[in-house]
Amino acid sequence: MAVVELKGVAKNYGGAHKNAKAANAVENFNLTTRDGEFIVLVGPSGCGKSTTMRMIAGLEANTDGEIRIDGRDVSQVAARDRDIAMVFQSYALYPHMTVYDNMAFALSLKKVPKNEIEQRVNDAAGILDITHLLDRKPRALSGGQRQRVALGRAIVRDPQVFLMDEPLSNLDAMLRVDMRAEIIKLHRKLGVTTFYVTHDQTEAMTMGERIVVMRDGHIQQIDTPNALYHAPNNVFVAGFIGTPSMNFLKMTLGGDGKTLTGQTAHMVASSERQLIEAHKGRDLMVGVRPEHLILTTDETAANVIKGEIDVVEPLGSVTMVQLEVDGHRITAQLEGDTSVRMGDSIVLTCDSARLHLFDADTEQALPRHEHRTETA
Ligand code: ADP
Ligand code: MG
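All figures in this text were calculated on a predicted structure; none of them were measured in a lab.

Cut-offs applied
Residues numbered from 1 in each chain as written. Chains lettered and ligands numbered in written order. Predicted model: local features only at pLDDT ≥ 70, side-chain atom pairs only at ≥ 80, totals over all residues. Heavy atoms only, no water. Helix = DSSP H or I, 4+ residues; strand = E, 2+ residues; numbered from the N terminus. Buried < 20%, exposed > 50% of the residue type's maximum accessible area, 1.4 Å probe, protein only. Contact = heavy atoms within 4.5 Å. Areas by Shrake-Rupley, 256 points an atom, 1.4 Å probe, with all protein chains shown as cover. Core = buried A, V, L, I, M, F, W, Y, C linked by side-chain atoms within 4.5 Å. Pairing = 2+ DSSP bridges. Axes fitted to C-alpha atoms, helices over the stretch in contact; angles between N-to-C directions. Phe/Tyr/Trp six-rings, centres within 6.5 Å; stacked < 30°, edge-to-face > 60°. Lys NZ or Arg CZ within 6 Å of the ring centre and 35° of its normal. 1 Å grid on protein atoms, 1.4 Å probe; cavity = no way out; pocket = protein on both sides within 12 Å on 5 of 7 lines; lining within 4 Å. Points joined across faces, edges and corners; volume = space filled by probe spheres on them. Nonpolar A, V, L, I, M, F, W, Y, C, P; charged D, E, K, R; others polar.

A.B. asks: Is there a simple way to think about the overall build of the protein chain in this case?
C.D. replies: Looking only at helices and strands, one finds eight helices and 20 strands in the protein chain. Across the 376 residues of the protein chain, 48% fall into the buried class. Across the protein chain, the fraction of contacts at a sequence separation of at least 24, relative to all contacts at a separation of at least 6, is 68%. Of the roughly 18200 Å² that the protein chain leaves accessible, carbon and sulfur atoms contribute 49%.

A.B. asks: Looking at this structure, how should I read the nonpolar core?
C.D. replies: For soluble globular proteins, nonpolar side chains are generally found buried alongside one another. Judged by nonpolar contacts, the single largest core of 46 residues is most densely connected at Val40, Met103, Ile183, Tyr196 and Val213. Those residues within four positions of Met103 in sequence are excluded, and the remaining contacts are Val121, Ala124, Ala125, Ile130, Leu134, Val149, Gly152, Arg153 and Val156.

A.B. asks: Help me out: how do you make sense of the sheet that holds strand 7 (residues 161-165) in this one?
C.D. replies: Strand pairing in a sheet relies on backbone hydrogen bonds, with the paired strands running either antiparallel or parallel. Here six strands make up an open sheet; going across it, the order is 6-7-8-3-9-10 and the pairing mixed. Sheet topology places strand 6 (84-87) and strand 10 (218-223) at the edges, where each strand pairs with a single neighbour. Recorded for the sheet is a direction-independent mean angle of 15° between the axes of neighbouring strands. In this sheet, strand 10 lies alongside strand 9 (residues 210-215) in antiparallel orientation, the contact comprising five bridges. Along strand 10, the bridge assignment pairs Val213 with Gln221. On the sheet, helix 4 (residues 143-155) packs against strand 6 and strand 7 and is oriented at approximately 175° with respect to strand 6.

A.B. asks: Would you mind showing me how to read the packing of aromatic side chains here?
C.D. replies: Centre-to-centre distance and the angle between the planes together describe a pair of aromatic rings. Per the counting criterion, the structure on display carries four aromatic pairs. Between the aromatic rings of Phe236 and Phe240, the centroid separation amounts to 5.5 Å while the plane-to-plane angle is 15°, which identifies the pairing as stacked. Placement of the pair is Phe236 and Phe240 together in helix 8 (residues 235-240), with a separation of four residues, close to one helical turn. Comparing Phe236 with Phe240, the two get one shared label, buried. Sitting over the ring of Tyr229, Arg289 keeps its end group 4.2 Å from the ring centre.

A.B. asks: So what exactly am I meant to see when it comes to the layout of surface pockets here?
C.D. replies: Unfilled space is identified by rolling a water-sized probe across the atoms. Its volume calculated, the largest pocket comes out at about 680 Å³. Taken together, 23 residues line the largest pocket, and the ones lying closest to its centre are Ile84, Ala85, Met86, Ala106 and Arg157. Of the residues that constitute the lining of the largest pocket, the class distribution is 16 nonpolar, one polar and six charged.

A.B. asks: Would you take a moment to explain the sheet that holds strand 15 (residues 294-296) for this structure?
C.D. replies: Pairing in this open sheet of five strands is antiparallel, and the strands run 15-19-16-17-18 from one edge to the other. A single partner strand is all that each edge strand has here, and the edge strands are strand 15 and strand 18 (328-335). Each strand of the sheet is rotated relative to its neighbour by a mean of 50°, with strand direction disregarded. The sheet contact formed by strand 17 (residues 318-325) and strand 18 spans eight bridges and is antiparallel. In the sheet register, Val325 faces strand 18, and the bridge partner there is His328.

Next comes the structure, spelled out in structure tokens:
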């Protein structure tokens, strides 16, 4: 177990001979884990997740900043001396070795005594429920079993830190959900500080104690799943976290600091919000999640979005409808037994407290102070 600290960490793959200054693959990455914390890195493909993991592992040198493990600067420490175990998407098992030997291999390289190796492999196999597979070769295993062996190989090393880079991407959807739960249980049992990478926001939300949302090499927000969902820092995080994605409407904020007007939509921001004076009379991006939109007949409600349904998706428990409103695509998640049809004109409303407000230019969330602070 360990505390991992990243301070101003950056990676530039450009090298010394680059002609044009390439953008850093990772830029100014700052994070300090708790001892034993489960951290998830999430973001679109190419945003720098693997690069960050490889820098922590020591497989890639950071070109700026500091990486510390339990206070020790490891920038100059070789990968094999960092006491970190990595699990990848491709399990990279040795095909000619049995499961036992695959798990034992790293330990025998380290000259760990035979009886201790046996003990550790058997313990890990027990935890992962693969004891009956120890004599098999990888080709005689299912995808899920191979993934367990890959995890087992990491566990026997009893590392200070686990790094898992999209370890479930090769598994089918059902198995992925099972393994997700297994990894969480494993983490609870072993308590090892873990970095887990995924591009799947649902996986991130269900697994992370804290989630680091990345985009183009930059951290967008580090927060608990709940905080990311309820208080996203910017339009990107708001749209990335949650399925279906948050709806956005461009609206103008009135001089009262509360009234929001679109071409046809109108809304009233909730009064606990302390909007910045500078935004009065200006355009905002107003966000509202599909699950917070409610069907109404009352066009005089404070918050009103009107339109004609052009997509209906009955999913049983809920019915998704889509409509075009003021040039924006809007998705609403309605009760499963709602009887709506394509072509219906509907009115949607929501609680003002559910509105997310963003500066239309910077895409940053407007400050929300649930308890007003008095300023001079
Ligand atoms: P992710 O894991 O989030 O998909 P990566 O960390 O693999 O993203 O990549 C981040 C960026 O760095 C991408 O633009 C990618 O093309 C670039 N990159 C990754 N590895 C290398 C490398 N070895 N050499 C040059 N560029 C790389
Ligand atoms: Mg990657």
